[in-house]
Every structure is written in structure tokens, then in C-alpha cells.
Amino acid sequence: MNVRHLSTACVAALALATSACDPDTTTDCGEPLYAGRSTDEAWRALVDVKQRPIDSSRAVTLLSPTQGEAYPASATPPTWEWTSPLRASLQRPGQGMLALEAAPRPSRSFTAWLGDLLLPTAHAHLPPYTGDLYWLEISAGGACPVAQVLTSELSWQMDPTTWAELGKHAGKDLTVQVMSAYLVQNRVTEGPFRLAEPRTFRRSAQ
């Protein structure tokens, strides 16, 4: 191999390695926890549209946490709630026009998510999802969120393990961003919509 070909190969290898380690690649951060009727197939549909420009015109109204809310160190895992224009939209397929929607699935804990990340398990194929979905990402300023959940509900009861994970960042500002969309058989037909600005909160150190 001559010097020119060697240089070209090195540049290509470096580019490939850099792209593989790109922290902005959403899937590199792992799957979210799943709650309600959400599915991994529906999540991947949201991943495909996540890089679209932020549209807050029909974003959720986050009822909790409130802006700047500080949870005491002794607080129990909170329940966060929101309202959404997507839930009230009238432009929806009628019943009988779609395949059966995904059956409810139990919420996965942070421990279960971590276990799947280290030792992936096969997910049973679920029917295509139709409905509104909400993707919450909690960030401490890093390339990846410290916790994330995908749910079909208008609330999320945080599990103790995730709450303990947030406790590792006690005394620091954390943010929560909510991305919402409406899907018809795993295809995004409305959205995605996001908060114009992430909501800031923290867990007290003492």
C-alpha cells in the first residue's frame, strides 16, 4: 500500500471511529424506560424525527415539576404530570380503521433498563402503536440524559431507582425536556413538539 492510499485509509477509519463515538447520536444513549402502552418500535419512530427543528406550538403544559422546584433530600419519588393538546385533538382515525393497538405493558425500572443495556434481551413484537406519546429526558448537562422515559400517559410516577440516580446529582440543577407526538401505526403524523425551554429543578443535597 503506497503512502497516498495509506493516508486515505487512515482518514476514513478516523471518520468512522469519530461518527461511531458521536455523543449526539440518540441511540448511543440507550433506550428509555417504557410506561403505559409505549413500545420500543414507537420510540424508534420518535428517534427518526427528533432532530427536526423545535416546535413548541402544541407542546405539553408541564404541571410538575414547577420551574426551579427543589425537592428535599428526604422526598419520596415524585409523580410528574402534564396536559397535552394532542390528547384533545379531533384529527384522529376512527375505531375499526386501525389494527389492534399495543396492549398495556408494565413500566420498566431504571435497573431493568440498565440490565438490558448490559445484556440485551429480545423484545416480543407488539402491534403498531397508535396514539399520543411523551418522551421525558432528564439531563445533568452531559451528552446523554441521566434518565428518560417514554409513556402514553399524562403522568409519570418515578420509580425509586431512578430517583436514587437523580440523587447522585443532588444540589445541582437538572432539566427535564418533554417531546410529544401523535403516531398512527408507529408513524409520526403530528409533531414532534417540545417545550420551548427545558424545565429546571433540583434535589437538595441535605
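For the structure itself, consult the block above.
Predicted model only: the values in this text are computed from it and were never measured. Starting from 1, residues in each chain are numbered consecutively following that chain's sequence as written. The predicted nature of this model means local features are confined to residues of pLDDT at least 70 and side-chain atom pairs, given and counted, to a pLDDT of 80 or more, with totals for whole chains, interfaces and linings taken over all residues. The basis for every side-chain value is the complete set of non-hydrogen atoms in the structure, without hydrogens or water.

1. Digging into helix α5 (residues 160-167)
Threshold: Relative accessibility decides the category of a residue: with a 1.4 Å probe and only protein chains considered, values under 20% of the type maximum give buried, values over 50% give exposed, and everything between is partly exposed. For the purposes of this entry, the term helix denotes a DSSP run of H or I that reaches at least four residues, the term strand denotes a run of E that reaches at least two, and both are numbered from the N terminus. Our arc is simply the arc of the directions from the helix axis toward the C-beta atoms.
Along α5, the residues that are buried comprise T162, W163, E165 and L166. The buried side chains of α5 occupy one side of the element, clustering within an arc of 155° when seen end-on.

2. Topic: the pattern of salt bridges
To keep things clear, this is the line we draw: Note on definitions: salt bridges are taken to be side-chain nitrogens of Lys or Arg within 4 Å of carboxyl oxygens of Asp or Glu.
Taken as a whole and judged by the stated rule, the model has 6 salt bridges. With a closest N to O distance of 2.9 Å, E190 and R58 form a salt bridge. Taken as a pair, E190 in strand β9 (residues 187-194) and R58 in the loop between α2 (40-49) and β2 (61-64) lie far apart in primary sequence, 132 residues in all. A relative accessible area of 24% means that R58 is categorised as partly exposed. Here K168 makes a salt bridge to E165, at a shortest N to O gap of 3.0 Å. For K168, a relative accessible area of 61% puts it in the exposed group.

3. Quick look at the nonpolar core
Under the convention used in this document: Among buried residues, those of type Ala, Val, Leu, Ile, Met, Phe, Trp, Tyr and Cys that are joined through side-chain atoms within 4.5 Å constitute a nonpolar core.
Core analysis: the largest hydrophobic core is formed by 27 residues, its most contacted members being W80, L136, I138, W156 and L166. Among the elements that line this core, the one with the most residues is strand β8 (residues 174-184), at 5 residues. Membership of the second largest hydrophobic core comes to 15 residues, among which are V49, Y129, L133 and L150.

4. Thoughts on the packing of aromatic side chains
Stated formally: Only the six-membered ring of Trp is used, alongside the rings of Phe and Tyr, when aromatic pairs are assigned; centres must lie within 6.5 Å, and planes under 30 degrees apart are stacked while those over 60 apart are edge-to-face, with the rest tilted.
Counted under the stated rule, the structure contains 6 aromatic pairs. Seen from their ring centres, W43 and W135 are 6.1 Å apart, and the 75° between their planes marks the pair as edge-to-face. With W43 in helix α2 and W135 in strand β5 (residues 131-139), this residue pair connects regions lying 92 residues apart in the sequence. Judged by its relative accessible area of 1%, W43 is buried. An aromatic cluster is present here, built from Y71, W80, W156, W163 and F201 joined pairwise through their rings.

5. Remarks on the state of the cysteines
Under the convention used in this document: Here, two cysteine sulfur atoms that lie within 2.5 Å of each other are counted as a disulfide.
Enumeration over the complete set of coordinates arrives at 1 disulfide. Here C29 engages in a disulfide with C144; their sulfurs sit 1.9 Å apart. Of note, the bridge from C29 to C144 carries an S-S torsion of about -75° and is left-handed in sense. Of this pair, C29 sits in the loop between α1 (3-20) and β1 (33-35) while C144 sits in the loop between β5 and β6 (147-151), and the two are 115 residues apart along the sequence. Of the residues examined, C29 reaches a relative accessible area of 14% and is grouped as buried.

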